[in-house]
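Analysis of the macromolecular model
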Amino acid sequence: MPMMFANLPVTDLDRAKRFYEALGFSINPMFTDHNAACVVVEQDHSAFMLLTREFFQTFTDLPIGDPAVSPTTATAIFLDSREAVDRAAADALAVGGGEPRAASDYGFMYQRGITDPDGNHLELGWMDPSAAEQGPEAVAQQQG
(Lines give C-alpha, C1' and ligand atoms only; values in the text may rest on other atoms or scores of the structure.)
Protein backbone atom coordinates (compact mmCIF):
# COMPACT_ATOMS: atom_id res chain seq x y z
CA MET A 1 0.00 0.00 0.00
CA PRO A 2 1.36 3.47 -0.79
CA MET A 3 2.14 5.86 2.04
CA MET A 4 1.15 9.53 1.92
CA PHE A 5 3.16 12.32 3.57
CA ALA A 6 1.81 15.87 3.73
CA ASN A 7 4.63 18.38 4.29
CA LEU A 8 3.74 21.40 6.40
CA PRO A 9 5.98 24.42 7.07
CA VAL A 10 6.13 25.46 10.74
CA THR A 11 7.85 28.26 12.64
CA ASP A 12 8.30 26.41 15.95
CA LEU A 13 8.87 22.67 15.56
CA ASP A 14 8.40 21.80 19.24
CA ARG A 15 5.13 23.75 19.43
CA ALA A 16 3.89 22.04 16.25
CA LYS A 17 4.78 18.59 17.62
CA ARG A 18 2.82 19.33 20.84
CA PHE A 19 -0.17 20.45 18.76
CA TYR A 20 -0.31 17.29 16.62
CA GLU A 21 0.33 15.02 19.61
CA ALA A 22 -2.63 16.68 21.36
CA LEU A 23 -4.78 15.53 18.43
CA GLY A 24 -3.81 11.95 19.30
CA PHE A 25 -1.09 11.45 16.69
CA SER A 26 2.37 10.12 17.53
CA ILE A 27 5.83 11.31 16.56
CA ASN A 28 8.07 8.80 14.76
CA PRO A 29 11.51 9.51 16.27
CA MET A 30 13.30 7.68 13.45
CA PHE A 31 12.29 10.47 11.05
CA THR A 32 12.51 13.40 13.45
CA ASP A 33 15.37 15.80 14.04
CA HIS A 34 15.95 19.53 14.54
CA ASN A 35 14.59 20.30 11.04
CA ALA A 36 11.60 17.99 10.81
CA ALA A 37 9.20 15.76 12.69
CA CYS A 38 7.22 12.83 11.33
CA VAL A 39 3.68 12.83 12.73
CA VAL A 40 2.01 9.44 12.24
CA VAL A 41 -1.66 9.87 11.35
CA GLU A 42 -2.30 6.25 10.36
CA GLN A 43 0.49 3.72 10.83
CA ASP A 44 2.05 2.63 7.52
CA HIS A 45 -0.39 4.78 5.54
CA SER A 46 -0.36 8.54 6.21
CA ALA A 47 1.75 11.09 8.04
CA PHE A 48 2.53 14.78 8.30
CA MET A 49 6.09 15.94 7.96
CA LEU A 50 6.42 19.10 10.01
CA LEU A 51 9.31 21.03 8.48
CA THR A 52 10.92 24.18 9.79
CA ARG A 53 10.30 26.95 7.28
CA GLU A 54 14.02 27.08 6.50
CA PHE A 55 14.15 23.35 5.76
CA PHE A 56 10.87 23.46 3.82
CA GLN A 57 12.42 26.17 1.64
CA THR A 58 15.10 23.68 0.47
CA PHE A 59 12.37 21.76 -1.41
CA THR A 60 11.40 24.66 -3.67
CA ASP A 61 12.83 27.75 -5.32
CA LEU A 62 9.48 29.53 -4.94
CA PRO A 63 8.80 31.70 -1.87
CA ILE A 64 6.90 30.00 0.94
CA GLY A 65 3.64 31.71 1.77
CA ASP A 66 2.10 32.25 5.18
CA PRO A 67 -0.74 29.71 5.62
CA ALA A 68 -2.34 31.94 8.26
CA VAL A 69 -2.83 34.64 5.62
CA SER A 70 -3.08 32.73 2.33
CA PRO A 71 -4.00 29.07 2.85
CA THR A 72 -3.36 26.83 -0.12
CA THR A 73 -4.40 23.45 1.29
CA ALA A 74 -6.87 21.94 3.72
CA THR A 75 -6.07 18.44 4.90
CA ALA A 76 -9.20 16.48 5.87
CA ILE A 77 -8.96 13.84 8.59
CA PHE A 78 -12.14 11.86 9.19
CA LEU A 79 -12.74 10.32 12.61
CA ASP A 80 -15.07 7.62 13.93
CA SER A 81 -17.79 9.86 15.40
CA ARG A 82 -19.05 13.40 15.81
CA GLU A 83 -17.95 13.21 19.43
CA ALA A 84 -14.41 12.30 18.35
CA VAL A 85 -14.40 15.34 16.03
CA ASP A 86 -15.50 17.62 18.88
CA ARG A 87 -12.91 16.12 21.27
CA ALA A 88 -10.10 16.52 18.73
CA ALA A 89 -11.14 20.12 17.99
CA ALA A 90 -11.26 20.95 21.72
CA ASP A 91 -7.81 19.40 22.19
CA ALA A 92 -6.48 21.40 19.23
CA LEU A 93 -7.90 24.65 20.60
CA ALA A 94 -6.42 23.94 24.04
CA VAL A 95 -2.87 23.82 22.61
CA GLY A 96 -2.98 26.95 20.47
CA GLY A 97 -5.04 25.97 17.45
CA GLY A 98 -7.73 28.16 15.97
CA GLU A 99 -11.22 27.63 14.61
CA PRO A 100 -11.92 30.35 12.06
CA ARG A 101 -15.45 29.13 11.18
CA ALA A 102 -18.35 27.44 12.88
CA ALA A 103 -18.86 23.70 12.46
CA SER A 104 -20.70 22.47 9.35
CA ASP A 105 -23.43 19.88 9.91
CA TYR A 106 -24.89 18.28 6.79
CA GLY A 107 -26.70 15.47 8.61
CA PHE A 108 -24.73 12.68 6.95
CA MET A 109 -21.43 14.58 7.48
CA TYR A 110 -20.06 16.81 10.22
CA GLN A 111 -16.91 18.95 9.91
CA ARG A 112 -14.89 21.38 11.99
CA GLY A 113 -12.17 23.42 10.33
CA ILE A 114 -9.24 24.13 12.61
CA THR A 115 -5.83 25.67 12.12
CA ASP A 116 -2.58 24.67 13.74
CA PRO A 117 -0.56 27.44 15.46
CA ASP A 118 1.08 28.29 12.11
CA GLY A 119 -2.23 28.58 10.26
CA ASN A 120 -2.10 25.25 8.40
CA HIS A 121 -5.73 24.25 7.83
CA LEU A 122 -7.18 20.90 8.94
CA GLU A 123 -10.73 19.70 8.40
CA LEU A 124 -11.75 17.31 11.16
CA GLY A 125 -14.78 15.36 10.06
CA TRP A 126 -17.15 12.44 10.49
CA MET A 127 -19.32 10.84 7.81
CA ASP A 128 -22.22 8.47 8.32
CA PRO A 129 -20.88 5.07 7.18
CA SER A 130 -23.91 4.52 4.94
CA ALA A 131 -23.19 7.83 3.18
CA ALA A 132 -19.62 6.70 2.61
CA GLU A 133 -20.90 3.46 1.05
CA GLN A 134 -23.98 4.68 -0.84
CA GLY A 135 -23.19 8.33 -1.48
CA PRO A 136 -24.68 11.38 0.22
CA GLU A 137 -27.69 11.67 -2.10
CA ALA A 138 -28.92 8.16 -1.18
CA VAL A 139 -28.65 8.93 2.54
CA ALA A 140 -30.41 12.28 2.13
CA GLN A 141 -33.30 10.52 0.35
CA GLN A 142 -33.54 7.97 3.20
CA GLN A 143 -33.57 10.77 5.80
CA GLY A 144 -36.13 12.88 3.87
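We now turn to the structure provided with this report.

Re the overall build of the chain
Across its full length, the chain holds five helices and eight strands. Going residue by residue from the N terminus, the α and β elements of the chain occur as β-α-β-β-β-α-β-α-β-β-β-α-α. Principal-axis analysis of the C-alpha atoms places the extent of the chain at approximately 50 × 35 × 30 Å. For the chain, the proportion of its 144 residues judged to be buried stands at 40%. A separation threshold of at least 6 residues defines the contact pool for the chain, and within that pool the share at least 24 residues apart is 52%. When the accessible surface of the chain is split by element, carbon and sulfur atoms take 53% of a total near 8400 Å².

Some points on the environment of G107
Tracing the chain through its elements places G107 in the loop between strand 6 (104–105) and strand 7 (109–115). According to the relative accessible area criterion, G107 is partly exposed, its value standing at 31%. When the C-alpha positions of G107 and C38 are compared, they lie 34 Å apart, and in sequence the two are 69 residues distant.

Re the environment of Q43
Inspection of the secondary structure assignment puts Q43 in the loop between strand 3 (36–42) and strand 4 (46–52). The spatial distance from the C-alpha of Q43 to the C-alpha of F25 is 9.8 Å, given a sequence separation of 18 residues. One polar contact links Q43 to D44, side chain to side chain, over a distance of 3.4 Å.

Description of the nonpolar core
Looking at soluble globular proteins, one finds that nonpolar side chains tend to be buried together. Within the largest apolar cluster, 24 residues are counted, with the highest numbers of intra-cluster contacts made by Y20, L23, F48, L50 and I114. Going through the elements one at a time, strand 1 (4–10), helix 1 (13–22), strand 3, strand 4, helix 3 (82–94), strand 7 and strand 8 (121–127) are the ones with two or more residues in this core. Residues contacting I114, with those up to four places away along its chain left out, are F19, L23, A89, A92, G98, E99, N120, H121, L122 and L124. Judged by nonpolar contacts, the second largest core, of seven residues, contains A36, M49, L51 and F56.

Focus: the packing of aromatic side chains
On inspection of all chains with the given rule, the structure shows three aromatic pairs. For the pair F19 and Y20, a centre-to-centre distance of 4.9 Å together with 80 degrees between the ring planes defines the contact as edge-to-face. Arranged with centres 5.3 Å apart and planes meeting at 85 degrees, the rings of F55 and F59 form a pair that is edge-to-face. Residue class for F55 comes out partly exposed when judged on its relative accessible area of 28%. Here F59 falls in the exposed class, since its relative accessible area comes to 54%. Members of the aromatic cluster, connected to one another through ring pairs, are F19, Y20 and F48.

Here we look at the pairing of strand 7
Strand 7 sits mainly inside the fold: seven of its seven residues count as buried. Side chains of strand 7 alternate between two faces, with M109, Q111, G113 and T115 and Y110, R112 and I114 buried alike. In this structure, strand 6 lies alongside strand 7, joined through two bridges in antiparallel fashion. The residue of strand 7 that forms the bridge with S104 is Q111.

Scoring rules and cut-offs
Residues numbered from 1 in each chain as written. Predicted model: local features only at pLDDT ≥ 70, side-chain atom pairs only at ≥ 80, totals over all residues. Heavy atoms only, no water. Helix = DSSP H or I, 4+ residues; strand = E, 2+ residues; numbered from the N terminus. Buried < 20%, exposed > 50% of the residue type's maximum accessible area, 1.4 Å probe, protein only. Contact = heavy atoms within 4.5 Å. Areas by Shrake-Rupley, 256 points an atom, 1.4 Å probe, with all protein chains shown as cover. Polar contact = N/O pair within 3.5 Å; in protein donor to acceptor, adjacent residues only side chain to side chain. Core = buried A, V, L, I, M, F, W, Y, C linked by side-chain atoms within 4.5 Å. Phe/Tyr/Trp six-rings, centres within 6.5 Å; stacked < 30°, edge-to-face > 60°. Pairing = 2+ DSSP bridges.

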